[in-house]
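# Chain and residue survey
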Amino acid sequence: MLDRTADEANAWMARVAKGDRQALEMLFRSEAPRMMAVSRRIVRRTDLAEEVVQESFVTAWQRAAQFDPERGNARAWLTTIVRNRSLNMLRDGARVDHHDGETLEALGDRVGDAHDAYDRLPDRDALKACLSRLDETKRRSILLCYVVGMSHGEVAAKLDAPLGTVKAWIRRGMSALQECMA
Amino acid sequence: MSTNDEMDRITGYVLGTMEADARDAFEAEMLRDAGLRARVDRLAGQMSALDDTALPEAVPEGLWAQIETRLGATPQLGRVTPFPPAAARRRGGFVGRQAALMAASLIVAAAVGYFAGGQGTGLGPRDPVVIAVLVNEADGSPGAIVEAFGDDSVNIVSLENFVVPEGKVLEVWTLPDADTGPVSLGQLPQAQRATLSGPNLPLPDAGQLYEITLEDAPASPTGRPTGPILVKGFARVPVL
């Protein structure tokens, strides 16, 4: 089922690269709900996630010829675009922080979202098994970066640990994670 | 083989802790290094299970219409045809950190190499008065370099392989000053290196705008830019 969706997405991307707008719309109908969700975990606000998704699909249209199915499926390619755009928006503090005086922290529970993502990983997934073998501090640091887009500094503040320590946790944690999944 | 330093950069890229500038340079490096790309894709693929845990959200009704409206003004780009670094061409490939450094300075190096080679004589009457790096506004990536000379001519180096549909041309423009408005320097059938003779204009100056638009062939019907802007940039005076 997942594989069929991935194949479909690849076929649509091949048509998008030839200038087929309908194929882009099919891709949008199929992938936008997931893209919205991935983005909103990072940018926190629905309106900003909408903007990210809009920009990402325009970029996918513009750069369709650069999508290489040999490298992976179209969904992964789109996810990378969405993640990078979301991170850019998040780091551009002027866009996210100062809206109506709201702060990121007021916009939902970032720590909770990061933890939920881990909880929702299927137990049979190698990533779940390997993350579960890490010390809690390493696991939390990695999840806070990947799932909600925290910087090293934000993780350090959140976990009340020195920046250098957090960087070392992440480095060692990611190294152990990759060894475990190899 | 990946070194510790490379491993740090791969995890920084995939986790999202890398700064935006470093991320752009890293992506340029990946385009040129299939091994690095494979290592990044492998880790990204492993971590992507976390993206799959995000519960799909409602998409606002008008969002597709907004995207579709923008497609008309967004020309599709061709495949990236990166300039291989000169050193790689000479030695037939190289690896490691040096490749990273080369890639980071690649566009500048390629441009300098081209201009030095093209002009032959070094300092002299054919030194450019100004140089502009034209970037794609959507993502800030460099798409072309314009070298403007004192005799109204310009050299164009395309860095992005723009798709030029049947019946269209690339048109190069400059804005000498607000009163004069945009002036066409000439047309190109496709992304390529070219010298355009240009009309008689005042000496180009630092800060002068250059841009490339997509126009109906053979040239903009109004003599002003009418099509989408592919890349634009402001001129700087080169340090000679």
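For the structure itself, consult the block above.
Residues numbered from 1 in each chain as written. Chains lettered and ligands numbered in written order. Predicted model: local features only at pLDDT ≥ 70, side-chain atom pairs only at ≥ 80, totals over all residues. Heavy atoms only, no water.

### Considering the overall build of chain A
Within chain A, the secondary structure is distributed over 10 helices and zero strands. A separation threshold of at least 6 residues defines the contact pool for chain A, and within that pool the share at least 24 residues apart is 63%. By element, 47% of the accessible surface of chain A is carried by carbon and sulfur atoms, the whole surface being about 8400 Å². (Helix = DSSP H or I, 4+ residues; strand = E, 2+ residues; numbered from the N terminus. Contact = heavy atoms within 4.5 Å. Areas by Shrake-Rupley, 256 points an atom, 1.4 Å probe, with all protein chains shown as cover.)

### Let's talk about helix α8 (residues 136-148) of chain A
Residues spaced three or four apart along an α-helix point in a common direction, a consequence of the helix completing one turn every 3.6 residues. Residues and elements named next belong to chain A. For α8, built from 13 residues, the straight-helix expectation of 18 Å at 1.5 Å per residue is met to within 8% by its first-to-last C-alpha distance of 17 Å. Counting buried residues in α8 gives 10 out of 13 residues, a clear majority hidden from the surface. When α8 is considered as a whole, its buried residues turn out to be K138, R139, S141, I142, L143, L144, C145, Y146, V147 and V148. Remark: G149 follows α8 within two positions and exhibits a positive phi of approximately 75°. (Expected span 1.5 Å × (residues − 1). Buried < 20%, exposed > 50% of the residue type's maximum accessible area, 1.4 Å probe, protein only.)

### Focus on the interface of chain A and chain B
Taken together, the contact between chain A and chain B spans 58 residues of the former and 51 residues of the latter. Approximately 5000 Å² of surface area, both sides summed, lies buried where chain A meets chain B, with 55% of it carried by carbon and sulfur atoms. Taken as a group, Q62, R71 and Y146 of chain A account for 14% of the area that chain A buries against chain B, more than any other trio of residues on that side. Across the contact surface, chain A and chain B share six salt bridges. A salt bridge links R83 of chain A to D51 of chain B; its shortest N-O distance comes to 3.5 Å. Along the contact surface separating chain A from chain B lie 17 residue pairs in polar contact (both at pLDDT 80 or more). Every element with two or more residues in the side of chain A that touches chain B is listed here: α1 (2-17), α2 (21-43), α3 (46-62), α4 (74-91), α6 (110-120), α8 and α10 (163-181) of chain A. (Buried area = accessible area lost by both parts, 1.4 Å probe. Salt bridge = Lys/Arg side-chain N within 4 Å of Asp/Glu carboxyl O. Polar contact = N/O pair within 3.5 Å; in protein donor to acceptor, adjacent residues only side chain to side chain.)

### Regarding the pairing of strand β4 (residues 168-175) of chain B
Residue and element names in this part refer to chain B. Burial runs high along β4: six of the eight residues are buried. As defined by bridge partners, β4 adjoins strand β7 (residues 209-216) across eight bridges and the pair is classed as antiparallel. Bridge pairing in β7 links E171 to T213. Pairing of β4 with strand β5 (residues 183-188) involves five bridges; the strand directions are antiparallel. Bridge assignment links L170 to a residue of β5, and that residue is L188. (Pairing = 2+ DSSP bridges.)

### Remarks on the state of the cysteines
Residue and element names in this part refer to chain A. The tally for this structure, following the rule as stated, stands at one disulfide over all chains. Each sulfur of the disulfide joining C130 and C180 lies 1.9 Å from the other. Judged by the sign of its S-S torsion, about -80°, the cystine formed by C130 and C180 is left-handed. Linking C130 in helix α7 (residues 126-132) with C180 in helix α10, this pair joins segments that are 50 residues apart in sequence. For C130, a relative accessible area of 5% corresponds to the buried category. Here C180 falls in the partly exposed class, since its relative accessible area comes to 27%. (Disulfide = S-S within 2.5 Å.)

### Remarks on the nonpolar core
If you look at the biggest cluster of nonpolar residues, it comprises 39 residues, and the most contacted ones within it are L127, L131 and L177 of chain A together with M47 and L50 of chain B. When residues of this core are traced back to their parent elements, those giving at least two are α6, α7, α8, α9 (152-159) and α10 of chain A together with α1 (4-15), α2 (20-32) and α3 (34-47) of chain B. If you tally residues by element for this core, the top one is α8 of chain A, at seven residues. Ignoring anything within four residues of it in the chain, the contact list for L177 of chain A reads L127, C130, L131 and L134 of chain A together with M47 of chain B. Formed by 38 residues, the second largest nonpolar core is a distinct cluster that contains V16, F57 and L90 of chain A together with L63 of chain B. (Core = buried A, V, L, I, M, F, W, Y, C linked by side-chain atoms within 4.5 Å.)

### Topic: unusual backbone geometry
All names here are of chain A. Positive phi, normally seen in glycine, also occurs at R44, with a value near 75°. One can find R44 in the loop between α2 and α3. A relative accessible area of 6% places R44 in the buried class. Unlike most non-glycine residues, D160 shows phi in positive territory, near 55°. Tracing the backbone through its elements, the reader meets D160 in the loop between α9 and α10. Classification of D160 as exposed rests on a relative accessible area of 72%.

### A short note on the environment of A54 of chain B
Assignment of secondary structure puts A54 of chain B in the loop between α3 and α4 (63-71). The residues touching A54 of chain B, leaving out its near neighbours within four places in the chain, are A37, V38 and R41 of chain A.

### A word on the sheet that holds β7 of chain B
Backbone-to-backbone hydrogen bonds pair the strands of a sheet. The strands run either parallel or antiparallel. Residues and elements named next belong to chain B. Pairing is antiparallel across the open sheet formed by eight strands, whose spatial order is β5-β4-β7-β8-β1-β2-β3-β6. A strand with exactly one partner marks an edge of an open sheet, and here the two such strands are β5 and β6 (194-196). Across the sheet, the mean angle separating the axes of adjacent strands is 25° when strand polarity is ignored. By the bridge criterion, three bridges tie strand β1 (residues 130-135) to strand β8 (residues 229-236) in an arrangement that is antiparallel. (Axes fitted to C-alpha atoms, helices over the stretch in contact; angles between N-to-C directions.)

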